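# Observations on the three-dimensional arrangement
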Amino acid sequence: MASSKVVEDLLQRIIQAENETERLLSEVASLESAGTPQKTSENSTDSYQSELRAKNAKLKYRILHLKKSIEEEESKLMESMTNVLSVVNSTFVSVVKSLYPEFAVTKSLVQGSAGERFGDYKCVASMPIAKVLKASGRNTNPKEIASEIIAHLPKTSNFEKCEIAGPGFINVFLKPQYISSLLRDLLVNGVRAPPIPRKLRVVVDFSSPNIAKEMHVGHLRSTIIGETLCRLLEFAGHDVLRLNHIGDWGTQFGMLIAHLQNKHPDYSSTADQFTLSDLQSLYKESKVHFDEDPEFKKQALSSVVKLQGNDPEAKKIWLDICEASRKEYQKIYSRLGVTIMDRGESFYQPLMPLVGKDLVAKDSTQTISSLKDQEKTVPAARPTLCQHITSKAHHARHCGYQ
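Because the structure is a prediction, the values reported are computed rather than measured.

The next point concerns the overall build of the chain. Tallying secondary structure elements over the chain gives 15 helices and 7 strands in all. For the chain, buried positions account for 35% of its 402 residues. Residue pairs in contact within the chain that sit at least 24 positions apart in sequence constitute 71% of those at least 6 positions apart.

So this is what it looks like as structure tokens:
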């Protein structure tokens, strides 16, 4: 698991820093206790002492830096809940790597015990290590390897005892005090997330209802799964951006606007009287007219052009339709405790010319030509491939990924 790898890396760095600190302290002590050799002149004696003092100062600075690093790494572990299996596994991994560098640790060396009398965990490294050694010409009994591993376990370990069992398993018994400290930490600080390598900016696109249409079970499923993922990611410590990609742009709105203007010319002043269910019924009627009536089709396409050109009346009707839809969606979001940012297709409309300029600036003429050729096979009612790429490119840029 990723969390196990993070814990292992942190523990390894702490152990390395502590070992380096001990070595430097020993070196400082030897320098401080070393007698000044006989010199033939006072100047050479002063020079030697100055050199020692300079070395001593550098070593003390490195020690302070290492101690600070140890505190920072330990604090990272304290911020997250202790994964006991990861801690136990990391302890054995450190010993195995130092004793048998030819053995590649590719998976956990520790498993849960088979029962209370066999301890809390068991290390299963001895047998695979014996196979690797045998392949290199060293016939070693797994039990001998287990004894060697136990002999080199750190004295500061939280193990009460380790016993060899079966063909070479190492049964690990944890100290009761260690288990008590873990339980106390859980009671005081509650459940916390495992450590993460680095904090990420995560965009989760979910729900995605269509304007002027009621949500169906597919939207509910996406909403619940998406919100669940967002909460898990936030609990783990990531920065999550919830996006609701809403279908609020395109030919269908020209159809609905034209139909409302024909059937309900006073819609702009009575919009609050229309429910989402009413709008959906009107949309279905407009689709039938669009497919069967050429004159209405021209009117609907003209309304699309007006909407894209920011015609005041067309835009007012469109905004009223969007607002009525969002009010209904929000009732469901509020009931489920979902917080989400709307990012409709209309958001990218004013940005499309900028993408065109970017493509021209990057000499992407051949790319544009290729995309236009592909667009010929795309149904007119769907966004073109070029529009899709435009939308995704600016979506990423808006979220800070370019």
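Next comes the rest of the description.
Ranked by size, the top nonpolar core spans 37 residues in total, and within it Ile211, Leu256, Leu260, Tyr267, Leu279, Trp318 and Ile321 carry the most contacts. Those elements that place two or more of their residues in this core are β5 (201-205), α8 (251-263), α10 (276-292), α11 (294-308) and α12 (312-336). In terms of residue count, the dominant contributor to this core is α12 (8 residues). Within the second largest apolar cluster, 27 residues are counted, among which are Val88, Val96, Ala130 and Leu153.

Between its terminal C-alpha atoms helix α7 (residues 217-236) stretches 29 Å, which fits the 28 Å expected from 20 residues at 1.5 Å a residue. Residues of α7 that are buried include every one of Gly218, His219, Thr223, Gly226, Glu227 and Cys230, and no others. One side of α7 carries all its buried residues, which in axial view fall inside an arc of 150°. Seen from the buried face of α7, the exposed residues on the opposite side, beyond 90 degrees, are Val217, Arg221 and Leu232. Where the residues of α7 are buried, they touch β5, β6 (239-244) and α12. Looking one or two residues beyond α7, the residue adopting positive phi is Gly237, at roughly 110°.

This brings us to the packing of helix α4 (residues 126-135) against helix α5 (residues 142-151). α5 packs onto α4 with a crossing angle of 115° between their chain directions and a minimal axis gap of 8 Å. With respect to each other, α4 and α5 are oriented roughly perpendicular. The handedness of the crossing between α4 and α5 is right-handed. Taken together, the residues of α5 that come into contact with α4 (itself represented by Ser126, Met127, Ile129, Ala130 and Leu133) are Pro142, Ile145, Ala146 and Ile149. The class makeup of the residues in the contact of α4 with α5 is 8 nonpolar, 1 polar and no charged.

This part takes up unusual backbone geometry. Most of the time, phi is negative for any residue but glycine, and the peptide bond is trans. With phi around 75°, Ser207 is a residue other than glycine that occupies positive phi space. Note that Ser207 resides in the loop between β5 and α7. A residue is classified by how much of its surface remains accessible, and Ser207, at 2% relative accessible area, is buried. Of note, Asn310 is a non-glycine position whose phi angle comes to about 65°, a positive value. Here Asn310 shows up in the loop between α11 and α12.

Criteria and thresholds
- Residues numbered from 1 in each chain as written.
- Predicted model: local features only at pLDDT ≥ 70, side-chain atom pairs only at ≥ 80, totals over all residues.
- Heavy atoms only, no water.
- Helix = DSSP H or I, 4+ residues; strand = E, 2+ residues; numbered from the N terminus.
- Buried < 20%, exposed > 50% of the residue type's maximum accessible area, 1.4 Å probe, protein only.
- Contact = heavy atoms within 4.5 Å.
- Core = buried A, V, L, I, M, F, W, Y, C linked by side-chain atoms within 4.5 Å.
- Expected span 1.5 Å × (residues − 1).
- Arc of directions from axis to C-beta.
- Axes fitted to C-alpha atoms, helices over the stretch in contact; angles between N-to-C directions.
- Parallel < 35°, antiparallel > 145°, perpendicular 65-115°, else oblique.
- Left-handed = near helix turned anticlockwise from the far one by under 90°.
- Nonpolar A, V, L, I, M, F, W, Y, C, P; charged D, E, K, R; others polar.

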